[in-house]
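Summary of structural features
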Amino acid sequence: MDMLASTWYRLKQFFAALSARLSLADRLFVAQMLTATELRLFQQMPRYDQRHCLDVCTTLRQAGYTDTLLLRAALLHDCGKVDDAGQPLPLFYYGLFVVLQRLAPRLYWRAARSQRRMFHWFAIHAAHDERSALMVTQAGSPPALVAILRDYGARRETAHTLALGWADRQH
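Residues numbered from 1 in each chain as written. Predicted model: local features only at pLDDT ≥ 70, side-chain atom pairs only at ≥ 80, totals over all residues. Heavy atoms only, no water.

Quick word on the pattern of salt bridges
Close approach of charged atoms allows side chains with opposite charge to pair. Counted by the stated rule, this structure contains seven salt bridges. The salt bridge partner of D55 is R51, with a shortest N-O separation of 2.9 Å. Of the two residues, D55 and R51 are both situated in helix α4 (residues 47-62); the distance of four residues between them amounts to about one turn of the helix. Its salt-bridge partner being D78, residue K81 comes within 3.6 Å of it at the nearest N-O pair. A relative accessible area of 4% places D78 in the buried class. One salt-bridge network, in which partners are shared between bridges, spans D26, R51 and D55. (Salt bridge = Lys/Arg side-chain N within 4 Å of Asp/Glu carboxyl O. Helix = DSSP H or I, 4+ residues; strand = E, 2+ residues; numbered from the N terminus. Buried < 20%, exposed > 50% of the residue type's maximum accessible area, 1.4 Å probe, protein only.)

Below is the structure:
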């Protein structure tokens, strides 16, 4: 039953990604929360990743979190899913990653470590946490915001990363 529920959950996520939209109010909120350089990172993400990050941020806010660094980290935690040329990770790959990570994790990690161009998106996906922290650093974000993203990627348990992880798992 767990596998069936998980599959259904992932299918719902996929169809939600296909229809992802951001309202004018959403865009204004994001623009108010982020610096100009951070906003460019957010805008580089495909609409489905923008929607996901905004949903994570909204979940935190609805749970009573008000720390602006945590909320900004939520908005930017997946910005590293864009490659160095500014191309976003194609939606098709998300399903492939989920299946491989569950059924053949060694194969996923082997592809992610490969230097072959055909596995480019595996490498981007596998390193997206570290890439997000690096991109936010390069955008001139405060060290405390960068630390949240680095700690989150390294799976270090802090008050911020526990909250961000909880909200991320909701979406």
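Having seen the model, we can carry on.
Here we look at the nonpolar core
If you look at the biggest cluster of nonpolar residues, it comprises 34 residues, and the most contacted ones within it are V30, L34, F42, L60, L75, V136 and L164. Counting residues per element, the ones that place at least two in this core are α2 (24-33), α3 (36-44), α4, α5 (68-76), α9 (128-138), α10 (143-153) and α11 (159-169). Of the residues forming this core, the biggest block, six residues, is contributed by α5. If we ignore the near neighbours within four places in the chain, the residues touching L34 are L39, F42, R72, L75 and L76. Counting 14 residues, the second-largest nonpolar core is a separate cluster that includes Y93, Y94, L100 and A111. (Core = buried A, V, L, I, M, F, W, Y, C linked by side-chain atoms within 4.5 Å. Contact = heavy atoms within 4.5 Å.)

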